Every structure is written in structure tokens, then in C-alpha cells.
Amino acid sequence: MEMRGKWALAAAAAVLLVAGCGRDKDSEIPEGWNTKAEVQQQLAEERQKVSMPLGWRWQDKVEGADRDIYESGAAQAIVLDEATCAWSITWLKSAEKNDERGQKRAATELETLRELPAYQNNDSSYRDLVEDAQSKSELGDTSALRRYVDNNCETYK
């Protein structure tokens, strides 16, 4: 299964951005959904739990209109997406430089990301894709990881 687009991970995790589903100040958000401001706040909390490679920065803002609503767990999925891309790209760059230490660090961090609830809540086909790409990379074949990055990490390149 090839995933495309920077929101592919979020989509695979059933985290949906509902464009155009704005609300009035007086209306209530349905249970299980958050405002953009709430997701932005949750991002700050979730990012404290995950490391990024040296020199990498988190994305500044959540995409979408201020009136959009997001399914619960969106912040976790966004953080997982950003960190997976950053560490995957770091792994590939380390492999290009024959930097075994850098590859090992990236592999360790990617393994740690598999413990996050957003990763565990993803469907098995996504987890299989990621784990296969990472396993092949550990054996020296980075082509699957390269495809993952090409299809999912355009924002981070």
C-alpha cells in the first residue's frame, strides 16, 4: 500500500480534517472532535513526548481554516507524521554519507515512534508498510524507505 501526501499518515489513522465544517460561537463541537485552536495546543503537549533530529523544527501551524474541526487524536497523528518523516529523512541522509551512527540513531528513534498511540492505532497495512521499509533499510536496502519519504514527506524535504 503506497500512501501519498503529507496528511497520508493522519488519514491512515482515521484522523480527519473536516474542511468547511465551521461552527458558530454558540454551537457545540461534537464529542470526539476538537477545534483548530485545541489541536494547536495539544500539539505543544504531544511534541514534548517525541524527539526530533538535530536541526529539525516542528511545523509552525495546523493546516486548515480556523473554523475547521479535527477528530480527537489529530495532534498525536500530526506529531507522528512529522517525526517519522524527519527521522526517515535523517536515516536516508546518514546512509548516503555512510554514517552508521546516524543511521543507528534514526533507527532507534523510528522504533520508539512505533510505541506511540497514534502509530498503534493506525491500520495494519500502514504499520506493515513502515516496518517493512525500516527493516529493509536496516539490511542496507533503503529503496522502500525512500519511496515512503517521497510519497509522504514532501513538506519536510
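*Asks:* Explanation requested: the state of the cysteines in the structure shown.
*Replies:* Working definition of a disulfide: a covalent bond connecting the sulfur atoms of two cysteines. This model, assessed by the stated rule, comprises one disulfide. Here Cys 85 engages in a disulfide with Cys 153; their sulfurs sit 2.1 Å apart. With the S-S dihedral at roughly -80 degrees, the linkage between Cys 85 and Cys 153 falls on the left-handed side. You can see Cys 85 sitting in helix H3 (residues 74-96) and its partner Cys 153 sitting in the segment after helix H7 (143-152), a full 68 residues away along the chain.

*Asks:* Could you clarify how one ought to interpret the packing of helix H6 (residues 124-138) against H7 in this entry?
*Replies:* Working note: a packed helix pair is described by the angle between its axes plus the distance between those axes. Here H6 crosses H7 at 130 degrees, and the two axes come no closer than 7 Å. Here H7 runs oblique to H6, going by the angle between their axes. Together, Tyr 126, Leu 129, Val 130, Ala 133, Lys 136 and Ser 137 of H6 and Ala 144, Leu 145 and Tyr 148 of H7 make up the contact between the two elements. Residues belonging to the contact of H6 with H7 are distributed by class as follows: seven nonpolar, one polar and one charged.

*Asks:* Help me understand the layout of surface pockets, please; the structure alone is not making it clear to me.
*Replies:* Counted as a void, the largest pocket has a volume near 250 Å³. Pro 53, Leu 54, Trp 87, Thr 90 and Ser 94 are, among the 13 residues lining the largest pocket, the residues nearest its centre. For the lining of the largest pocket, the secondary-structure elements that each account for two or more residues are H3 and helix H4 (100-113). Here the lining of the largest pocket gets five residues from one element, more than from any other, and that element is H3.

*Asks:* How do you make sense of the packing of H3 against H7 when you look at a structure like this?
*Replies:* It is at 10 Å that the axes of H3 and H7 come closest, and there the two elements cross at 135 degrees. Considering their axes alone, H3 and H7 lie oblique with respect to each other. Here H3 and H7 pass one another in a crossing that is left-handed. On H7, the residues that touch Asp 81, Thr 84, Cys 85, Ser 88, Ile 89, Trp 91, Leu 92 and Glu 96 of H3 are Leu 145, Arg 146, Tyr 148, Val 149 and Asn 152. The residue makeup of the contact of H3 with H7, split by class, is seven nonpolar, three polar and three charged.

Reading the values: the criteria
- Residues numbered from 1 in each chain as written.
- Predicted model: local features only at pLDDT ≥ 70, side-chain atom pairs only at ≥ 80, totals over all residues.
- Heavy atoms only, no water.
- Disulfide = S-S within 2.5 Å.
- Helix = DSSP H or I, 4+ residues; strand = E, 2+ residues; numbered from the N terminus.
- Axes fitted to C-alpha atoms, helices over the stretch in contact; angles between N-to-C directions.
- Parallel < 35°, antiparallel > 145°, perpendicular 65-115°, else oblique.
- Contact = heavy atoms within 4.5 Å.
- Nonpolar A, V, L, I, M, F, W, Y, C, P; charged D, E, K, R; others polar.
- 1 Å grid on protein atoms, 1.4 Å probe; cavity = no way out; pocket = protein on both sides within 12 Å on 5 of 7 lines; lining within 4 Å.
- Points joined across faces, edges and corners; volume = space filled by probe spheres on them.
- Left-handed = near helix turned anticlockwise from the far one by under 90°.

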